[in-house]
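Chain and residue survey
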Amino acid sequence: SLLEGEINCAADTPEHALKSTLKKVVNSASQIVTIYQGEEASLEAVSQLCRQLETKTPGLQVDLVYGGQAHYHYLASVE
């Protein structure tokens, strides 16, 4: 995965890469995470990841949006 244009990690699945990257930048329940699902991404897998993030950090807002991007399984924004 990429974080601010730099290679951040490699993982077995796109969901594991996303989870690893988000662990590095999500540090407060007051943050908002928006995940944009690509056209080939698994809705079931990313929905489970969203629930895990919300459970781990109570109060964290995680929004899942279908972005439909062709080249990336997921894009994420953290505010």
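See above for the structure.
Read on for an overview of the structure. (Residues numbered from 1 in each chain as written. Predicted model: local features only at pLDDT ≥ 70, side-chain atom pairs only at ≥ 80, totals over all residues. Heavy atoms only, no water.)

So, the side chain of glutamine 69
Structurally, the position occupied by glutamine 69 is in the loop between β4 (61-66) and β5 (74-78). Relative accessible area serves as the criterion here: at 15%, glutamine 69 is assigned to the buried category. Separated by 2.9 Å, the side chain of glutamine 69 and the backbone oxygen of tyrosine 36 make a polar contact. Polar side-chain contacts of glutamine 69 include one of 3.5 Å to the backbone oxygen of tyrosine 72. If sequence neighbours within four positions are ignored, glutamine 69 has contacts with Tyr36, Gln37, Gly38, Glu39, Tyr74 and Leu75. (Helix = DSSP H or I, 4+ residues; strand = E, 2+ residues; numbered from the N terminus. Buried < 20%, exposed > 50% of the residue type's maximum accessible area, 1.4 Å probe, protein only. Polar contact = N/O pair within 3.5 Å; in protein donor to acceptor, adjacent residues only side chain to side chain. Contact = heavy atoms within 4.5 Å.)

Looking at the pairing of strand β3 (residues 32-37)
Summarising the sheet, β3 and β4 pair through 6 bridges and their orientation is parallel. By the bridge assignment, isoleucine 35 is partnered in β4 with leucine 64. With helix α2 (residues 43-56) bridging β3 and its parallel neighbour β4, the resulting β-α-β unit is right-handed. With 5 bridges joining them, β3 and β5 adopt antiparallel strand pairing. What sits directly across from threonine 34, in β5, is serine 77. (Pairing = 2+ DSSP bridges. Right-handed = clockwise from strand over helix to strand, strands pointing away.)

Purely spatial values, then, with no claim about function.
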